[in-house]
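# Descriptive structure summary
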Amino acid sequence: MSRSNEQPVLTASGLWKFYGRVAALRGTDFELLPNEILAVIGDNGAGKSSLISCLSGASVPDEGEIRLNGEPVRFRTPTQARAAGIETVYQTLAVAPALDIASNLYLGRELRRSGPLGSVFRFLDTHRMRELAREQVTDLGIQTLQDITQPVETLSGGQRQAVAVARAAAFGSKVIILDEPTAALGVRESKQVLDLIRRLRDNGLPIVLISHDMPSVFDIADRIHVQRLGKRAAVISPKTHSMDDAVAIMTGARAA
Amino acid sequence: MSDQAVTSPSEAPDEDERIPQRRQNPVQALLHQHPALGPLAVLIVAAVVFDCINTRFFNPANLSIMLQEVAVIGLLALGQSIIILTAGIDLSVGAAMILAQMVMAGLAVNSGWPTGLAFVVGLLTGLLTGLVNGVLVTRLHVPPFIATLGTLGVFTALSIRYANGQTILPSHGSFLLWTGKVITWGTFHLTTGVILMIVLYIVVGIALGRTAWGKHVYSVGDDLEASRLMGISTTRVLFSVYVTAGLIYGIAAWVQIGRVGDASTNISSTLNLDSITAAVIGGISLFGGRGVVVGTLFGALIVQVFQNGLALAGVQDLYQELAEGVLVIAAVSLDQWIRRVRR
């Protein structure tokens with residue numbers, strides 16, 4: 001493929017992960033190129049979640065190497081991965097429902113007021129956070145989030161997902177990992193979220209998308225990583241392979 | 001297998017209808033946004049009604065007494081509130097305060113320590129009780145209800161053992177009695193303890209509303225797991241809340257000594273539950289993440305207004321308790337209704 005000469009953003013090679021005596025990852029490889037949406041698919045138990053939790057810092061691989069922009073990295077916590085620029089949006093939406101949209105975008109990285117009011121008394125600059133949140137939301141083209149001071153619990157599922165994605169995209173991140181972003185959504189809401197993901201890619205953010213939703217995957221992904229029995233079985237392109245092909249590789253009915 | 005991939009197009013318009021915001025009725029939305037409004041309204045209505053029954057109610061002397069009565073429970077309820085905001089609960093409040101006051105007075109009077117030093121160690125004792133609860137909850141992962149049920153027994157036993165069941169009388173003019181000092185303001189007679197309580201409410205209210213720590217307290221109570229995933233050190237936030245509450249109990253101990261003029265282990269055993277009552281009536285949600293501390297102050301005042309008003313109206317004590325019970329149930333029912341935003 002013509003893309004293969006680009007320097008990958010995030011790679012993993014020979015990752016092994018054991019849970020007790022069970023090997024969830026058996027030397028899997030992974031490669032994410034710049035400006036692409038890479039979908040990760042695989043049957044239950046194929047090691048999708050283990051792979052993603054290694055990449056996002058939620059667990060530490062027992063063997064193997066992860067590189068971010070060519071540099072070897074070793075994350076012990078999600079916070080370390082986030083600090084390095086890998087943002088993960090979890091399936092169980094990580095938002096605080098009672099807080100408003102702006103507070104959610106800035107939770108854990110709040111802006112303080114300038115001067116002693118901020119440095120000594122640690123007052124928040126609510127005004128500026130709201131202003132910036134409004135800009136970020138507009139930049140991402142999430143028109144449905146008009147009122148930034150609205151509590152998240154008054155939003156629909158798709159809008160909440162949009163808040164979670166906006167939060168991930170907002171802070172100079174290098175890679176965004178989305179775990180089943182459309183699993184709980186209706187058809188139209190899924191489409192809105194997929195459009196948002198596409199816009200992020202077009203803005204230059206590479207994206208890892210874990211999904212069971214085959215039509216969405218084939219609709220949106222540039223390349224598809226098929227995980228099987230703890231290894232990468234194949235990387236296919238939606239242009240050259242059909243959903244049937246993907247399922248056949250996933251289930252082992254056909255060699256890649 | 002690929003046939004599951006085809007989604008029926010007829011679903012789309014249906015979905016479309018449901019996308020608009022989930023609606024709340026205006027009253028619900030207002031109470032949802034301003035959780036202290038409900039208790040404030042109850043407080044005003046109750047005060048007006050009691051004044052109609054007995055015109056001595058709004059007498060400055062009576063109002064002053066009510067405020068003095070509310071100082072200690074108000075402080076305990078303040079500590080209780082920040083713990084409830086994290087979806088926790090503290091059953092050991094009263095016992096923690098009694099332990100702090102026995103240490104404070106005991107060191108100053110029985111052990112002859114300099115009053116200032118005894119005072120500081122007393123405050124630290126309060127802080128220590130919070131530290132113990134915090135370690136149990138965050139390190140040993142004991143549910144707050146059980147952790148503080150346990151420490152309730154421990155703190156109670158320790159304070160009785162320490163004081164041998166005696167009542168300790170600080171000497172006249174001691175710094176420990178400073179919180180009982182009356183400040184006359186027009187026809188009102190406030191004590192420094194009352195003012196201390198109000199100042200602490202302001203400080204904690206600002207910390208919760210205006211700082212990152214406050215946002216994190218709310219988010220941890222709202223959704224612990226989501227907060228952790230968003231990179232908040234949930235353990236540190238929870239721990240800081242228990243320790244802060246402990247320090248507030250230490251200050252409450254000082255106010256209690258000043259108010260009564262001595263330190264004794266046999267003061268009301270209902271303090272623990274009363275602080276929860278005040279917080280809950282004040283609109284702090286037992287499920288965490290919702291409510292403001294000024295509501296708790298209103299809650300404490302409501303309980304006091306009912307007790308005082310019913311007493312002035314010549315109603316038996318028994319009915320005061322009944323009224324308090326009804327209020328708590330009404331407050332929690334209201335909270336359930338306010339929280340019901342989804343659909």
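Report on the accompanying structure.

What counts as what
Within each chain, residues carry numbers counting from 1 in the order of the written sequence. Both sets of labels track the order of writing: A upward for chains, 1 upward for ligands. Only residues with pLDDT of at least 70 are given local features in this predicted model, and only at 80 or more are side-chain atom pairs given and counted; all residues enter the totals for whole chains, interfaces and linings. Numbering of helices and strands runs from the N terminus, with a helix taken as a DSSP run of H or I at least four residues long and a strand as a DSSP run of E at least two residues long. For a compact globule the rule gives 2.2 Å times the number of residues to the power 0.38, and the radius of gyration it is set against comes from C-alpha atoms. Residues with at least 20 other C-beta atoms within 10 Å of their own are called buried, those with 12 or fewer are called exposed, and the rest are partly exposed. The C-beta atoms themselves are positioned from the backbone. It is the C-beta atoms, placed from the backbone, that decide contacts: two residues are in contact if theirs lie within 7 Å. Each axis is a line fitted through C-alpha atoms, taken for helices only over the stretch in contact, and angles between the N-to-C directions span 0 to 180 degrees. Working rule for angles: under 35 degrees goes down as roughly parallel, over 145 as roughly antiparallel, 65 to 115 as roughly perpendicular, anything else as oblique. By convention, the crossing between two helices is left-handed when the near helix turns anticlockwise from the far helix through less than a right angle, and right-handed when the turn is clockwise. Residues are sorted three ways: Asp, Glu, Lys and Arg are charged, Ala, Val, Leu, Ile, Met, Phe, Trp, Tyr, Cys and Pro are nonpolar, and all the rest, Gly among them, are polar. By this definition, two strands are paired if DSSP reports at least two bridges between them.

## Brief notes about the overall build of chain A
Of the regular secondary structure elements, chain A holds 9 helices and 10 strands. A compact globule built from 256 residues would reach a C-alpha radius of gyration of about 18 Å, and chain A, at 19 Å, matches this within 12%. Burial status across chain A gives 46% buried among its 256 residues. Partitioning the contacts of chain A with sequence separation of at least 6, the portion at a separation of at least 24 is 65%.

## Focus: the packing of helix α6 (residues 157-169) of chain A against helix α7 (residues 187-202) of chain A
Any two packed helices are characterised by the angle at which their axes cross and by the distance between the axes. Residue and element names in this part refer to chain A. Two numbers describe how α6 lies on α7: the axes approach to 9 Å, and their chain directions differ by 15°. The angle between α6 and α7 falls in the class roughly parallel. Handedness of the crossing formed by α6 with α7: right-handed. Two secondary-structure elements touch here, α6 through G157, G158, Q161, A162, V165 and A169 and α7 through E189, Q192, V193, L196 and L200. For the contact of α6 with α7, the residue count by class is 6 nonpolar, 4 polar and 1 charged.

## Section: the pairing of strand β1 (residues 10-19) of chain A
Residue and element names in this part refer to chain A. Here 8 bridges tie β1 to strand β2 (residues 22-32), and the two strands are oriented antiparallel to one another. Within β2, the residue paired with T11 across the bridge is E31. The loop that links β1 with its antiparallel partner β2 comprises 2 residues; one of these, G20, has a positive phi angle of about 65°. Where β1 and strand β4 (residues 63-68) come together, 5 bridges link them in antiparallel fashion. Across the sheet, the residue bridging to A12 is I66, located in β4.

## Structural notes on the sheet that holds strand β8 (residues 207-210) of chain A
Residue and element names in this part refer to chain A. Pairing in this open sheet of 6 strands is mixed, and the strands run β6-β7-β8-β3-β9-β10 from one edge to the other. Both outer strands of the open sheet, β6 (86-89) and β10 (231-236), are each paired with one neighbouring strand and no more. Looking at each pair of strands side by side, their axes are set apart by 20° on average, direction ignored. Contacts from α7 reach β3 (37-42), β7 (175-179) and β8, with the element oriented near 155° to β8. Docked against the sheet, helix α9 (residues 243-251) engages β3, β9 (223-228) and β10, running at close to 25° with respect to β9.

On their own, these measurements won't tell you what the molecule is for.
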